[in-house]
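Read off the chains here:
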Amino acid sequence: MTKAEISSEDVATRGLSASEPTPDPTAGPSVAPDHLGGPLVVLSDVDKHFGTLHVLQKINLTVRKGEVVVVLGPSGSGKSTLCRVINRLETIEAGSITIDGQKLPEEGTALAQLRADVGMVFQSFNLFAHKTILENVTLGPIKVRKKSAAEAKKRGMELLKRVGVDSQAEKYPAQLSGGQQQRVAIARALAMDPKVIMFDEPTSALDPEMVNEVLEVMVSLARQGMTMIVVTHEMGFARKAANRVVFMDNGQIVEEADPDSFFTNAQTTRAKDFLSKIVFHRAIRRWPEERRCRAVQQSECGASEDGLRRILAEGGRGERRPVRLQGRHLNEPTETRPVRIG
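A. Molecular detail of the pairing of strand β9 (residues 244-249). A large share of β9 lies buried, amounting to 6 of its 6 residues. Residues R244, V246 and M248 line one face of β9 and the alternating positions V245, F247 and D249 line the opposite face, and both faces are buried. Across 4 bridges, the pairing between strand β3 (residues 68-72) and β9 is parallel. The partner of V70 across the bridge, within β9, is V245. With 5 bridges connecting them, β9 and strand β10 (residues 252-257) associate as antiparallel partners. Paired with D249 across the two strands is Q252, which belongs to β10. Between β9 and β10, which follow one another and run antiparallel, lie 2 residues, and N250 among them has a positive phi close to 55°.

B. A look at the environment of M248. Here M248 lies in strand β9. Here the alpha-carbon distance between M248 and G73, two residues 175 residues apart in the chain, equals 4.9 Å. Discounting chain neighbours no more than four positions away, the residues touching M248 are L56, I59, V71, L72, G73, P74, S77, G78, K79, L82, I253 and V254.

C. Here's a closer look at the side chain of Q168. Secondary-structure assignment places Q168 in the loop between α5 (149-162) and α6 (178-191). Here the side chain of Q168 touches S167 through a polar contact of 3.2 Å, side chain to side chain. Not counting the four nearest positions on each side in its chain, Q168 is found in contact with I133, L176 and Q180.

D. Representation of the pairing of strand β1 (residues 39-50) in the model. In the sheet, β1 pairs with strand β2 (residues 53-64) via 8 bridges, with the strands oriented antiparallel. By the bridge assignment for β2, V41 is matched with V63. Remark: 2 residues form the turn of the hairpin made by β1 and β2, two consecutive strands paired antiparallel; G51 in that turn has positive phi of roughly 65°. Relative to strand β4 (residues 94-99), β1 runs antiparallel, the two sharing 5 bridges. Bridge pairing in β4 places V41 opposite I99.

E. Structural view of the packing of helix α4 (residues 133-143) against α5. Two elements in contact, α4 and α5, have axes separated by 9 Å at closest approach and are oriented at 125°. Classified by the angle their axes make, α4 and α5 are oblique. Handedness of the crossing formed by α4 with α5: right-handed. Seen from α4, the contacting residues are I133, L134, V137, T138, P141 and I142; seen from α5, they are A149, A152, K153, G156, M157 and L160. When the residues that make up the contact of α4 with α5 are grouped by side-chain class, the tally is 9 nonpolar, 2 polar and 1 charged.

About the criteria used
Residues take numbers from 1 onward in each chain, read along the sequence in its written order. Given that this is a predicted model, residues contribute local features only at a pLDDT of at least 70 and side-chain atom pairs are listed and counted only at 80 or more, while totals for whole chains, interfaces and linings are drawn from all residues. With hydrogens and water set aside, each side-chain value is computed from the structure's full complement of heavy atoms. The classification of residues rests on relative accessible area computed with a 1.4 Å probe and restricted to protein chains. Under 20% of the type maximum is buried, over 50% is exposed, and intermediate values are partly exposed. Starting at the N terminus, helices and strands are each numbered in turn, a helix being any DSSP run of H or I of at least four residues and a strand any DSSP run of E of at least two. Any two strands between which DSSP finds at least two bridges are classified as paired. Any two residues having at least one pair of non-hydrogen atoms within 4.5 Å are treated as being in contact. Two N or O atoms form a polar contact when they lie within 3.5 Å of each other; inside protein one atom must be a possible hydrogen donor and the other a possible acceptor, and for residues adjacent in sequence the pair counts only when both atoms belong to side chains. The axes are straight lines fitted to the C-alpha atoms, using for helices just the contacting stretch, and the angles between their N-to-C directions are given from 0 to 180°. In this scheme, roughly parallel covers angles under 35 degrees and roughly antiparallel covers those over 145, while 65 to 115 is roughly perpendicular and the rest are oblique. With the far helix as reference, a near helix turned anticlockwise by less than a right angle produces a left-handed crossing, and one turned clockwise produces a right-handed crossing. Asp, Glu, Lys and Arg are counted as charged, while Ala, Val, Leu, Ile, Met, Phe, Trp, Tyr, Cys and Pro are counted as nonpolar; the rest, among them Gly, fall into the polar class.

This is how it looks when you write it as structure tokens:
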């Protein structure tokens with residue numbers, strides 16, 4: 001079995017974390033492609049630098065109404081920056097961005113109004129610690145949408161119930177679990193009645209057992225036709241809910257495809273390598289720590305495709321020997337921290 005074949009088979013079937021919802025093989029994307037609306041978010045030749053680092057390079061992307069686009073790629077590939085420029089949390093240096101036909105304003109009241117149509121769910125929740133859960137959800141509609149307190153409260157309770165935390169309405173964020181706080185963050189975004197919601201790695205800060213409760217809410221939103229741009233490492237969600245997968249690397253969109261095509265027949269070498277590494281790290285996650293760390297050392301030191309397969313076949317039981325990692329010789333596997341791929 002080649003490395004690419006491992007990616008295709010295992011990511012499609014066994015390559016899901018224990019916390020991810022198992023995809024229904026008969027379930028299609030959230031909205032059939034023929035039933036998607038017109039262009040909602042359009043990026044044309046977008047460029048962005050951080051100093052000398054070119055984080056977004058000539059990005060061209062169109063997201064249609066009702067579409068769920070999942071953005072995958074290794075760390076540092078520009079995924080989060082892509083989300084942030086759409087909401088103008090980061091500025092761009094070239095190109096253009098339009099939301100529902102309107103060019104993204106540079107500043108002022110027009111920008112604030114347009115931002116109200118673009119929801120954002122961050123990986124770190126970003127709830128107001130001094131306000132109750134219900135107050136967090138109603139603040140935007142009252143201040144920005146100019147809704148009455150009674151109307152905002154009624155809508156807020158409906159949304160908290162929708163994400164399963166209505167019983168926590170009068171508590172403060174610190175009194176909730178991470179999964180509950182992230183569901184509140186989703187309810188807060190929905191309270192603004194946005195045209196599109198962006199999720200920037202919404203499960204990365206959660207304990208594994210809390211991931212599923214957040215993903216279930218996101219899958220439900222996708223099934224209801226919410227336009228979503230999701231930066232995530234949750235492959236199960238991508239297969240279950242996405243209309244399209246966008247793979248990024250080094251600030252560029254390397255590949256775009258529907259989930260089945262991407263996970264079973266990726267076209268680019270870089271995407272195949274990315275999927276293979278995910279399968280490799282998930283395959284060894286239940287090994288004893290010493291064997292797992294040794295396997296990670298070997299994979300990080302440029303193991304070939306045959307080498308990765310041999311590590312899996314041998315179960316990491318190879319002879320212990322010094323391994324060079326990031327310029328240092330390491331003799332003990334416990335000196336290495338397994339890194340997160342993606």
